Amino acid sequence: MKVFISGNIAPIGLKQLEEHHIEITQWKEGRQITADELIQACQDQDGLISVGPNKLDADFLNACKHLKVIALHSVGFDQVDIKEAKKLNIAIGNTPGVLSGATADTAFLLMLSVSRKAFYLHKKILKGEWKNYEPTPELGIELNGKTLGIFGMGKIGLEMAKKCIGAYQMPVIYHNRSQNHEAEKAIGAKYVSFEELLAQSDVLSIHTALTDETKDKFNLDVFKQMKPEAIFINTARGGIHNEKDLIEALEEGFIWGAGLDVTNPEPMQADNVLLNMENVAVLPHIGSATVETRNAMAEIIVKNIVAGLNGEELPHQVG
Ligand code: DGY
């Protein structure tokens, strides 16, 4: 059986694929593979391990007739046309659960960094602008007792909430399509309407999938309904906030700050104005980028691929 890998995965995954006698071809060009190159590479492959944001749309799926299974190197699956894959009998697997802690850590890191202007002040030192000790300018804000709003209370949202409660005793409110009784019982999170979430959150952290419903959900109109001292955090998908509107909301003071691990498009260009804003912290989509999490993801990917090649239900099947 042949499997194409469109990027790097943790070595433990490669070793396990070899132990299953799977013939691997790997993209090693050090850049994201293009759509045409991916179609070309997958022509005679039985499986694909998809690393990165490549669109696995109807055109791609129909052009790769041999594919039985696609294992995504992500929990998110917004890049795949799930309906078409189902129609073509191509099983799609993702990596849920194992990256919740690392992704929530990233959201927490951004929240704290924004609250103390850490990225901006670090850049000032690099530019030789640390001249003397000044007690008043460029002050941050404290998080203790502030209200955390979670948009999308799934596994990652719950982890973020637990960290914020543990560190800063932050009361937690959330908005979801449906109530999460487990989260309410575990941490006393309170379900609120979307409007209440916007009006009451001091920190609003996004932990939902990118769908037609959530695309551009955080736009100027929405930012205007948030507190002027609110911090907006997005570690989910860049398409959930409108970047132009976010910049305007920050410039106009509709919100106080923003921390992003995801942008739209990715990668973000080096001259993006967000990168020089005082109350903004941006990371290059590193939510799950720890040794432990990437190893765990690679092991799930191998399980998904092996099951799919054997015509079995995937341990973590999407759709
Ligand atoms: C995920 O797992 O969805 C991460 O954001 C990587 O794409």
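The preceding data block contains the structure.
Since we're looking at a predicted model, the values are computed, not measured. (Residues numbered from 1 in each chain as written. Predicted model: local features only at pLDDT ≥ 70, side-chain atom pairs only at ≥ 80, totals over all residues.)

Asker: Got a minute to help me understand the overall build of the chain in this structure?
Answerer: Check the secondary structure of the chain and you find 12 helices and 13 strands. Computed over C-alpha atoms, the radius of gyration of the chain comes to 21 Å, within 12% of the 20 Å expected from 2.2 N^0.38 for 319 residues, which places it in the range of a compact globule. Taking the principal axes of the C-alpha coordinates as reference, the chain spans close to 65 × 50 × 35 Å. When the 319 residues of the chain are sorted by exposure, 42% land in the buried category. Put simply, of all contacts in the chain between residues at least 6 apart along the chain, 67% involve residues at least 24 apart. (Helix = DSSP H or I, 4+ residues; strand = E, 2+ residues; numbered from the N terminus. Rg over C-alpha atoms; globule rule 2.2 N^0.38 Å. Buried ≥ 20, exposed ≤ 12 C-beta atoms within 10 Å, placed from the backbone. Contact = placed C-beta atoms within 7 Å.)

Asker: Explain the pairing of strand β2 (residues 23-26) here, please?
Answerer: Consecutive side chains of a regular strand alternate in pointing toward one face of the sheet and then the other. As paired elements, strand β1 (residues 2-5) and β2 share four bridges and run parallel to each other. Counterpart to K2 in the pairing with β2 is E23. (Pairing = 2+ DSSP bridges.)

Asker: Is there a simple way to explain the nonpolar core in this structure?
Answerer: Considering soluble globular proteins, one finds that nonpolar side chains tend to be buried as a cluster. If you look at the biggest cluster of nonpolar residues, it comprises 49 residues, and the most contacted ones within it are M111, I231, I233, I255 and A258. Counting residues per element, this core draws most heavily on helix α5 (residues 100-115), at six residues. The contacts of M111, once residues within four sequence positions are left out, are L143, V203, I231, I233 and G259. Counting residues in hydrophobic clusters, the runner-up holds 37 residues, among them A85, A91, A298 and I300. (Core = buried A, V, L, I, M, F, W, Y, C linked by C-beta atoms within 7 Å.)

Asker: What is the right way to look at α5 in this model?
Answerer: Each α-helix winds once per 3.6 residues, and so residues spaced three or four apart point in a common direction. Across its 16 residues, α5 extends 22 Å between first and last C-alpha, which sits within 8% of the 22 Å expected from 1.5 Å per residue. Judged by how many residues are buried, α5 sits mostly within the fold: 12 of 16 residues are covered. Downstream of α5 by a residue or two, K117 has a phi angle that is positive, lying close to 55°. (Expected span 1.5 Å × (residues − 1).)

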